[in-house]
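Remarks on the overall topology
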Amino acid sequence: MDAEHVNRGPDGVVVDPSDPATVQVARSFGAAASVYHRSRPGYPVEAIEWLVGDAVRVLDLGAGTGKLTEALVALDRDVIAVDPVEEMLEELEVAVPGVPRILGTAEDIPIEDDSVDAVVAGQAWHWFVPERAVPEIARVLRPGGVLGLVWNSRDIRSDWLRQAGAIMHERHDASATFEGYVKIGPPFGPIEEHTVEWTERMSRVRFLDLVRSRSYFITATPAEQAATIAALETLLDTHPDIAGAAELAVPYVTRCFRARLG
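Residues numbered from 1 in each chain as written. Predicted model: local features only at pLDDT ≥ 70, side-chain atom pairs only at ≥ 80, totals over all residues. Heavy atoms only, no water.

Some points on the sheet that holds strand β1 (residues 57-61)
The strand order across the open sheet formed by seven strands is β3-β2-β1-β4-β5-β7-β6, and the pairing between neighbours is mixed. Every interior strand has two partners, whereas the edge strands, β3 (101-103) and β6 (192-203), have only one. Averaged over all neighbouring strand pairs, the angle between strand axes comes to 25°, with direction disregarded. Relative to strand β2 (residues 78-83), β1 is paired through five bridges, and the arrangement is parallel. Among the inter-strand pairings, Leu59 is bridged to a residue of β2, identified as Ile80. Those strands touched by helix α3 (residues 45-52) are β1, β4 (116-122), β5 (141-154), β6 and β7 (247-260), and its axis lies near 5° from that of β7. (Pairing = 2+ DSSP bridges. Helix = DSSP H or I, 4+ residues; strand = E, 2+ residues; numbered from the N terminus. Axes fitted to C-alpha atoms, helices over the stretch in contact; angles between N-to-C directions. Contact = heavy atoms within 4.5 Å.)

See below:
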């Protein structure tokens, strides 16, 4: 998930997941669960293989509609999906039938101690309160287990994507500032990092749906939403790199971070 208007500390993470503004934005994704899953990119196999290593039983924490869950299942991992939004888990059931789905949060994970080999979070770390989530994640991990964090970010070295981001009022992607953002600490060991660059091909319709799945758009007024889509359509029609293209090549950078339980 991503969100612009929630209560965050100086490092960018949510201060209190029960804060009304945070709850409102988080719940806004439930109303857009289908478009969220349809438009959001998946994860490259190389990135997820590196993230979980040889882990067999994996907890997808903040699983949303199951984009990361799909990648884990494709690698033949035994996956449990946890998310606080019921509508998102309902969409996950459609996308990845048979995966156990549990309502829960990173600060209160409803599974037994020492029960999984890895805990992963895709686009979700900024929703967690580390002081409460890290001990809870450590509790459910087996000794030597892995915590893996991953983000897909559009590569704004591409000029048209940089302009699109400005139209969408995107804040700087926190995953790009590893040192100030991804902090885990004891009882986990040092953080390792891995980056994968890749390209997702999508139609103009899907790209605009991707915009519609973002929290800024979902929580904007109808007039603001219409203005955003109109400005993006103009960009897609006029930018020399993409003008008239029926299909867009959208470059992504997948940032992976992992730490092992000491």
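Considerations on the packing of aromatic side chains
The way to describe two aromatic rings as a pair is by their centre distance and the angle between their planes. On inspection of all chains with the given rule, the structure shows four aromatic pairs. Above the ring of Trp50, the side-chain terminus of Arg258 is found at 3.9 Å from the ring centroid. (Phe/Tyr/Trp six-rings, centres within 6.5 Å; stacked < 30°, edge-to-face > 60°. Lys NZ or Arg CZ within 6 Å of the ring centre and 35° of its normal.)

Here's the deal with α3
Considered for burial, the residues of α3 that qualify are Ala47, Ile48, Trp50, Leu51 and Val52. Of the surrounding elements, those touching the buried residues of α3 are β1, α4 (67-74), β4, β5, β6 and β7. (Buried < 20%, exposed > 50% of the residue type's maximum accessible area, 1.4 Å probe, protein only.)

Notes on the environment of Arg132
Positionally, Arg132 belongs in helix α6 (residues 130-140). Note on Arg132: relative accessible area 47%, which makes it partly exposed. Each C-alpha atom, one on Arg132 and one on Glu107, is 5.3 Å from the other, the two residues being 25 residues apart in sequence.

What about unusual backbone geometry?
Residues Pro186 and Pro187 are joined by a peptide bond in cis, for which omega reads 5°. With respect to the helices and strands, Pro187 occurs in the loop between α8 (178-181) and β6. If you check the backbone angles, Gln123 has positive phi at about 60° while not being a glycine. By the secondary structure assignment, Gln123 is in the loop between β4 and α6.

As for the environment of Leu103
Tracing the chain through its elements places Leu103 in strand β3. Measuring from C-alpha to C-alpha, the distance between Leu103 and Pro84 comes to 5.1 Å, with 19 residues separating the pair along the chain. With residues up to four places along the chain from it excluded, the contact list for Leu103 reads Asp83, Pro84, Val85, Glu86, Leu89 and Pro110.

A word on the packing of helix α9 (residues 204-212) against helix α11 (residues 222-238)
Between α9 and α11, the shortest axis-to-axis distance is 11 Å and the interhelical angle comes to 145°. Pair α9 / α11 crosses with right-handed handedness. Along its contact with α9, which presents Arg204, Phe207, Leu208, Val211 and Arg212, the element α11 presents Thr228, Ile229, Leu232, Glu233, Leu236 and Asp237. (Left-handed = near helix turned anticlockwise from the far one by under 90°.)

A few points about the pairing of β1
Along β1, four of the five residues are buried, which leaves the element largely enclosed by surrounding structure. Once you follow β1 into α4 and on to β2, the crossover reads as right-handed. The pairing of β1 with β4 spans three bridges and is classified as parallel. For Asp60, the partnering residue across the bridge sits in β4 and is Val120. (Right-handed = clockwise from strand over helix to strand, strands pointing away.)

Let's talk about the pairing of β7
Of all the 14 residues making up β7, 11 are buried; the element is thus mostly covered by neighbouring parts of the structure. With nine bridges connecting them, β5 and β7 associate as antiparallel partners. Each bridged residue has a counterpart across the sheet, and for Trp151 the counterpart in β7 is Arg255. The sheet contact formed by β6 and β7 spans 12 bridges and is antiparallel. Bridging across to β7, Glu197 finds its partner in Val253.

Keep in mind that these numbers describe shape and distance, not what the molecule does.
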